Amino acid sequence: MPRRQIGFWYRFAAVLCKPPLVVLIKRDWRGMEHIPAEGGFITAVNHNSHVDPFAYAHYQYNTGRVPRFLAKSGLFKKGIVGAAMRGTGQIPVYRESTDALSAFRAAIDAVERGECVAFYPEGTLTRDPDGWPMTAKTGAARVALQTKCPVIPVAQWGCNELLPPYAKKPHLLPRKTHQVLAGPPVDLSPFYDKEMTADLLKEVTEVIMAAVTRLLEEIRGEKAPETPYDPRRERIEQRRRTAAQAAPAAAGPEAREAGREVSRTGTEEESAK
């Protein structure tokens, strides 16, 4: 299937965005040979800065295969930004609404038309303290299994040094380097034609994210944690810690005094041993 033409709006966005990107960041881009020349495919990319969607789009624009990102629906509604989002063929995501599945259907349609859909499988900026990819959502796995298209893992690093996650002010100097490394397609053939259960989607997602993480290890020259950061698990642990800290305060004076007495008794027993 032939590739889709870049089109006016993508070229217009490139004219606006490329000059400041060239000024602000140096480039160390590798793996472009793994971006398919023809046909639909998915890229799965880690996300560690509000700047990296623009920098990564620049990388892939230079391959001739422009990405269609999944983006918040609000960005499509107003002004020049909305016109550009619609004109460049980005895919709106309607969260917590009856249209929530429309992004999934639109991504499948785009792949079947021979386009590239770029997924940030984590769904948001990584919350891992050291910037490693965290646990991911299953959208990319769903589209991959539905279409059996190539899934290209991509790791990037450097925009997070220009603008760290959740930071408000960029660190302009010294000039940072945006490193990108795309790898060969992830082999998902063992999962094809199986029932698309929640467990299967989770397993496929983990395979995809493991490939992205290995590429980031190569870029950074160090090993990632054995277990990816899980924001859901961290929220649960935080609630448990908060509840444990609040429990003594919620108890009455007699209960608190009893707790202190038990603590003193335990200390005295330890001293007597």
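Report on the accompanying structure.

Definitions and cut-offs
- Residues numbered from 1 in each chain as written.
- Predicted model: local features only at pLDDT ≥ 70, side-chain atom pairs only at ≥ 80, totals over all residues.
- Heavy atoms only, no water.
- Helix = DSSP H or I, 4+ residues; strand = E, 2+ residues; numbered from the N terminus.
- Contact = heavy atoms within 4.5 Å.
- Areas by Shrake-Rupley, 256 points an atom, 1.4 Å probe, with all protein chains shown as cover.
- Buried < 20%, exposed > 50% of the residue type's maximum accessible area, 1.4 Å probe, protein only.
- Pairing = 2+ DSSP bridges.
- Core = buried A, V, L, I, M, F, W, Y, C linked by side-chain atoms within 4.5 Å.
- Salt bridge = Lys/Arg side-chain N within 4 Å of Asp/Glu carboxyl O.
- Phe/Tyr/Trp six-rings, centres within 6.5 Å; stacked < 30°, edge-to-face > 60°.
- Lys NZ or Arg CZ within 6 Å of the ring centre and 35° of its normal.
- Axes fitted to C-alpha atoms, helices over the stretch in contact; angles between N-to-C directions.

Our next topic: the overall build of the protein chain. Assigned secondary structure in the protein chain consists of nine helices and seven strands. Across the protein chain, contacts joining residues at least 24 apart in sequence account for 75% of those joining residues at least 6 apart. In the structure as shown, the protein chain presents an accessible area of about 15,400 Å², 56% of it carried by carbon and sulfur atoms.

Moving on, we get to the pairing of strand S2 (residues 41-45). Burial analysis of S2 places five of its five residues in the buried class, which makes it a mostly covered element. Burial along S2 is two-sided: the residues Phe41, Thr43 and Val45 and Ile42 and Ala44 are all buried. Bridging between S2 and strand S5 (residues 116-119) involves four bridges; their strand directions are parallel. Bridge pairing in S5 places Ala44 opposite Phe119.

Here the focus is the nonpolar core. Grouped together as the largest cluster of nonpolar side chains are 26 residues, with contacts concentrated most on Ile42, Val117, Phe119, Val143, Leu188 and Val204. Sorting the residues of this core by element identifies S2, helix H4 (102-112), S5, helix H5 (139-147) and helix H7 (198-220) as the ones contributing at least two each. At six residues, H7 tops the list of elements feeding residues into this core. With near-sequence residues (within four places) excluded, Phe119 lies in contact with Ile42, Thr43, Ala44, Val45, Leu70, Ala107, Gly139, Ala140 and Val143. By size, the runner-up hydrophobic cluster in this structure holds 20 residues, among which are Ile6, Cys116, Val154 and Ala182.

Right, let's talk about helix H3 (residues 79-87) for a bit. Three or more residues of H3 are buried, namely Gly82, Ala83, Ala84 and Met85. Buried residues along H3 sit against helix H1 (8-24) and strand S3 (67-72).

Within the structure shown, the criterion is met by ten salt bridges. Shared partners join several salt bridges into a network, and the residues in it are Asp28, Arg30 and Glu218.

So, on to the packing of aromatic side chains. Going through the model one piece at a time under the given rule, you end up with four aromatic pairs. Pairing Tyr56 with Tyr59 gives two aromatic rings, centres 5.8 Å apart and planes at 25°, and the pair type is stacked. In this pair, Tyr56 and Tyr59 both sit in helix H2 (residues 52-61), three residues apart, roughly one turn of the helix. Taken as a pair, Tyr56 and Tyr59 share a single burial class, namely buried. Centroid distance Tyr56 to Phe69: 6.3 Å. Interplanar angle 85°. Geometry classified as edge-to-face. Placement of the pair is Tyr56 in helix H2 and Phe69 in strand S3, with a sequence separation of 13 residues. The same class applies to Tyr56 and to Phe69, which are both buried. Across the ring face of Trp132, the terminal group of Arg220 is positioned such that the distance to the ring centre comes to 3.9 Å.

On to the sheet that holds S5, then. Across a sheet, strands are paired by hydrogen bonds formed along the backbone, either parallel or antiparallel in direction. Sheet architecture is open: seven strands sit in the order S1-S7-S6-S2-S5-S3-S4, paired in mixed fashion. Single-partner strands in this sheet number two, and they are strand S1 (25-30) and strand S4 (91-93). Between one strand axis and the next, the sheet turns by 25° as a mean value, whatever way the strands run. Of the strands in this sheet, S1, S3 and strand S7 (176-182) touch H1, which is tilted by about 110° from S1. Together, S1, S2, S3, S5, strand S6 (151-157) and S7 form the strand contacts of H2, whose direction differs from that of S1 by roughly 50°.

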